[in-house]
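Fold and geometry: a report
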Amino acid sequence: MTAIKHALQRDIFTPNDERLLSIVNVCKAGKKKKNCFLCATVTTERPVQVKVVKVKKSDKGDFYKRQIAWALRDLAVVDAKDAIKENPEFDLHFEKIYKWVASSTAEKNAFISCIWKLNQRYLRKKIDFVNVSSQLLEESVPSGENQSVTGGDEEVVDEYQELNAREEQDIEIMMEGCEYAISNAEAFAEKLSRELQVLDGANIQSIMASEKQVNILMKLLDEALKEVDQIELKLSSYEEMLQSVKEQMDQISESNHLIHLSNTNNVKLLSEIEFLVNHMDLAKGHIKALQEGDLASSRGIEACTNAADALLQCMNVALRPGHDMLLAVKQQQQRFSDLRELFARRLASHLNNVFVQQGHDQSSTLAQHSVELTLPNHHPFHRDLLRYAKLMEWLKSTDYGKYEGLTKNYMDYLSRLYEREIKDFFEVAKIKMTGTTKESKKFATLPRKESAVKQETESLHGSSGKLTGSTSSLNKLSVQSSGNRRSQSSSLLDMGNMSASDLDVADRTKFDKIFEQVLSELEPLCLAEQDFISKFFKLQQHQSIPGTMAEAEDLDGGTLSRQHNCGTPLPVSSEKDMIRQMMIKIFRCIEPELNNLIALGDKIDSFNSLYMLVKMSHHVWTAQNVDPASFLSTTLGNVLVTVKRNFDKCISNQIRQMEEVKISKKSKVGILPFVAEFEEFAGLAESIFKNAERRGDLDKAYTKLIRGVFVNVEKVANESQKTPRDVVMMENFHHIFATLSRLKISCLEAEKKDAKQKYTDHLQSYVIYSLGQPLEKLNHFFDGVEARVAQGIREEEVSYQLAFNKQELRKVIKEYPGKEVKKGLDNLYKKVDKHLCEEENLLQVVWHSMQDEFIRQYKHFEGLIARCYPGSGVTMEFTIQDILDYCSSIAQSH
């Protein structure tokens, strides 16, 4: 331990001008054993500062570092834990308690003893030494005088003290004065001893010489003590005289304190009374307005609003502790409650009467809207009611029960009123859509035969009596020839110089305008009512607070929320839900009426679902941009689902009707009805869905329809008996290709290419099949020639074969003079004309292809003659130019 002590003195304390007096090896109690040293130190310079320093060994090496230091004057208690038994634990109480465990009890006792000595010498501060053996403290004080405390020899504190710089310098000077100080230490010590004796003798002589002066000083001290005794006697007499004055001053001070306390209490009492008077006094004018104010006039409403706000402020004043114990305060609060109840009843009764009156007034104006496709305007009623908005807010915060009752009554009255208005409005829309009276007049002028057809059409398309673009009749009417079908259609529908397609377009445009007007009338009506409900009933509709929404009950049950009783405001999310529930109750008839109108439109013409899908999608998109959770957005979204189902059903019906088509066995097929219907559908859809939001739905429908068209065209072509399969495929796929090319539908580009390929393939197939071998014997002859060549005979040697010599070739060629060829081509033209329909106008295309094929065969024959019969001079009876002339002449003659 001594080596550690010297090392710490050298490395840590000497550089800081400090002396290490005591050291103890400790660790913290109750924790992992990490040893450190507590050191008691004093500074070498005046004034002396005494410290307790904690020194810890560094983790990176064997050297020690100073961790923390406490001034000894901050030490309050030293607790040795046990004064009798040996215990290495002890506590030091600085700004907090530090618990230590010493490595040995002896080290702990030595450290505590050093602390006690330093306290006695330098601080004279009362440090409590608890559970410290009195013997240990007594051993620290030598018998006789307290030399360790009052004496100047610091060696008593510690047996070893390091020389300071001045002492070292004095010793060096002294040793330099004696040359043999190092070589002869005994002689140097004797010299020092002699000099010390000389000094001691001088000191004794000096003390004896000063004895006389000491006696004089003692005499002066005795006189001073006598003077002090006299002064003390005078001070005692003065103190007795001042005692009575002190008692009188105490009485005056106590009296002044009581007066000040009374004044303070009076000021506080006045402040409390002024607070109650200022905050709980309602003006007589306000009381009169609450009791008798006119709720019908604007001035009266304003006065009642101000009075209600003043009453609410008086009732909501934050009373100070003890105010509610005062009788006057209780009476005033009761009076406010009575006024609130009275005014709440008056306000609720008046607003109920206004709601009832609105129903009667608005009903009287319904007649003027019965013939117009417009909804009555509720803006005047909303404007009049909004004057009561602040009063409704007051009622909501003061009496939620009456506010809730008013809300329910408003919904009851207005739902009945809106139901009448909306039903009448939709009746007008249905009448305008069907136009029953006008159309019945038109069909009354038709001949009997046309009337019969009309009745059949009515059975297919509904009671409106209109012919539409729907394909619902195709599954009951057999497919006739194109010319007959078109002539019958034109004779039936040529009313007022209008074609069938013109009539359909006019009816659909009319329906589109009516449906758009219906939605355009409903949208501002719902938005205006929702905005009014939000403002009048003070419900927030455009904010949303995340969290659990209050569970709303059914509005018909009588309460709007389970969690909110009278006077408890709704959170924002519940208020938003409450607006939606109120709108559902008030406009409960809108969704069924819209669905009925949609069903009627679909019944009139299934293609109307295209118009409805586009219009409804646009209005839903607009409503969702305003408020995705609003009543209007939700309702229109539900109706849009119905419209989308009708649209899908329309597409499915068209595909089903394609599959059920049956062709006539006696007439040529021509362009199939469902191909023409697809053209009509695509043209109509492209005009309707231009820049529409639901383009994706149309593209899906296109894909389904075109697949059905392709499959069923091939099916009909396979079943056709009168018209060749290639003609049916060629004409219909040419029509499909022309339609897709004209409309430029991007999602059907692959189908357009497929249709073109099918048209080209079947055109070529039909040309080859129909043309066949117009020069049959010549074909057979050259087939034999090619067979011989294939067997290995050289081409120039074929003419030496008996069956294929030049004479046989000339004989065969003479059987096909130009006149016979032209006659055969004319018969072929007539045959092709019978197969093809006039609608598609492909006769010239097919005839030109046959001409090219015939010329190709002719060139083939000429090539064989040139190779197999060189120099024979054998040629055909007609030329290529003759073929061109024959074909052109035949085409012009027909």
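Residues numbered from 1 in each chain as written. Predicted model: local features only at pLDDT ≥ 70, side-chain atom pairs only at ≥ 80, totals over all residues. Heavy atoms only, no water.

Quick look at the sheet that holds strand β3 (residues 50-57)
Across a sheet, paired strands are connected by hydrogen bonds in the backbone, their directions being either parallel or antiparallel. Which entries qualify depends on this criterion: A strand pair is defined by DSSP finding two or more bridges across the two strands. Here a strand is any run of E in DSSP of at least two residues, a helix any run of H or I of at least four, and the numbering for each starts at the N terminus. Interaxial angles span 0 to 180 degrees and are taken between N-to-C directions of axes, which are lines fitted to C-alpha atoms, for helices over the stretch in contact. Contacts are assigned to residue pairs with any non-hydrogen atoms lying within 4.5 Å of each other.
Strands sit in the order β4-β3-β2-β1-β7-β6-β5-β8 across an open sheet of eight strands; the sheet is mixed. Of all the strands in the sheet, just β4 (64-71) and β8 (128-130) have a single pairing partner and so form its edges. Going from strand to strand, the sheet's axes swing by 30° on average, the running direction of each strand aside. Pairing analysis gives three bridges linking strand β5 (residues 77-79) to strand β6 (residues 89-93), with the strands arranged antiparallel. Looking at β6, one finds that Val78 is bridged to Leu92. The strands touched by helix α1 (residues 2-13) are β1 (18-28), β2 (36-43), β3 and β4; relative to β1, the strand with the most contacts, the crossing angle is about 115°.

A look at a negative patch on the surface
To keep things clear, this is the line we draw: Residues with no salt bridge and a relative accessible area higher than 30% make up the patches, which join like charges within 9 Å and nonpolar side chains (Val, Leu, Ile, Met, Phe, Trp, Tyr) within 5 Å. Throughout, the Shrake-Rupley method with a 1.4 Å probe supplies accessible areas, and for residues the shown protein chains are the sole cover considered. In what follows, salt bridge is the name for a side-chain nitrogen of Lys or Arg lying within 4 Å of a carboxyl oxygen of Asp or Glu. In this tally, Lys and Arg are treated as positive and Asp and Glu as negative; His is ignored, and so are the chain termini. To locate a charge, the coordinates of NZ of Lys, CZ of Arg, CG of Asp or CD of Glu are taken. Buried residues are those whose accessible area, probed at 1.4 Å on protein chains only, stays under 20% of the maximum for their type, while exposed residues exceed 50% and partly exposed ones sit between those limits.
Negative charge collects at one region of the surface, where Glu167, Glu168, Asp170, Glu172 and Glu176 lie side by side. Judged by relative accessible area, Glu176 falls into the exposed class, the value being 64%.

Things to note about the pairing of β2
Most of β2 sits out of view: eight of its eight residues are buried. Side-chain alternation along β2 places Cys36, Leu38, Ala40 and Val42 on one buried face and Phe37, Cys39, Thr41 and Thr43 on a second face that is also buried. Bridge count for β1 against β2 is eight bridges, and the pairing is antiparallel. Residue pairing across strands places Glu18 opposite Thr43, the latter belonging to β2. As defined by bridge partners, β2 adjoins β3 across six bridges and the pair is classed as antiparallel. Following the sheet pairing, Leu38 is matched in β3 by Lys54.

Some remarks on the pattern of salt bridges
This structure, assessed with the given rule, holds 28 salt bridges. For Arg66, the salt bridge goes to Glu18, with nearest N and O atoms at 3.0 Å. Of the two residues, Arg66 is situated in strand β4 and Glu18 in strand β1; the sequence distance between them amounts to 48 residues. Look at Glu18 and you get buried, because its relative accessible area is 5%. One salt bridge in this structure joins Asp250 and Lys246, with 3.4 Å as the shortest N-O distance. Here Lys246 and Asp250 lie together in helix α7 (residues 211-279), a separation of four residues that amounts to about one turn.

Describing the packing of helix α20 (residues 608-626) against helix α21 (residues 631-660)
Worth spelling out the cut-off: The scheme is simple: roughly parallel for angles under 35 degrees, roughly antiparallel for over 145, roughly perpendicular for 65 to 115, oblique for anything else. Handedness of a crossing follows from how the near helix is turned relative to the far one, being left-handed for an anticlockwise turn of less than a right angle and right-handed for a clockwise one. By the convention adopted, Pro, Cys, Tyr, Trp, Phe, Met, Ile, Leu, Val and Ala count as nonpolar, Lys, Arg, Asp and Glu as charged, and the other residues, Gly among them, as polar.
It is at 9 Å that the axes of α20 and α21 come closest, and there the two elements cross at 155°. It follows from the interaxial angle that α20 and α21 lie roughly antiparallel. In this structure, α20 meets α21 at a crossing whose hand is left-handed. Packed against α20, whose contacting residues are Ser609, Leu610, Met612, Leu613, Met616, Ser617, His619, Val620, Ala623 and Gln624, the element α21 presents Leu632, Ser633, Leu636, Gly637, Val639, Leu640, Val643, Lys644, Asn646, Phe647 and Cys650 at the interface. Its residues placed into classes, the contact of α20 with α21 shows 13 nonpolar, seven polar and one charged.

Regarding the packing of aromatic side chains
We apply this condition: What counts as a ring pair is set by centres within 6.5 Å for rings of Phe, Tyr and Trp (its six-membered ring), and what kind of pair is set by the plane angle: stacked under 30 degrees, edge-to-face over 60, tilted for all other angles.
Considering all chains together, one arrives at 28 aromatic pairs under this definition. Relative to Phe537, the ring of Tyr403 has its centre 6.2 Å away and its plane inclined at 75°; by these criteria the two rings are edge-to-face. Taken together, the positions of Tyr403 in helix α13 (residues 400-434) and Phe537 in the loop between α17 (500-536) and α18 (572-586) put the pair 134 residues apart, joining distant regions of the chain. Accessibility expressed as a relative area gives 0% for Phe537, which makes it buried. With centroids separated by 4.5 Å and ring planes inclined at 45°, the aromatic side chains of Tyr418 and Phe587 adopt a geometry described as tilted. On the criterion of sequence distance, the pair formed by Tyr418 in helix α13 and Phe587 in the loop between α18 and α19 (590-604) is long-range, its members being 169 residues apart. On the accessibility criterion, Tyr418 (0% relative accessible area) is buried. A residue is classified by how much of its surface remains accessible, and Phe587, at 1% relative accessible area, is buried.

Let's talk about α19
Worth spelling out the cut-off: Expected helix span is given by 1.5 Å per residue-to-residue step, counting one fewer step than there are residues.
The terminal C-alpha atoms of α19 lie 21 Å apart, and with 15 residues this matches the ideal 21 Å at 1.5 Å per residue to within 8%. Among the residues of α19, Ile590, Glu593, Leu594, Leu597, Ile598, Leu600, Gly601, Asp602 and Ile604 are the ones counted as buried.

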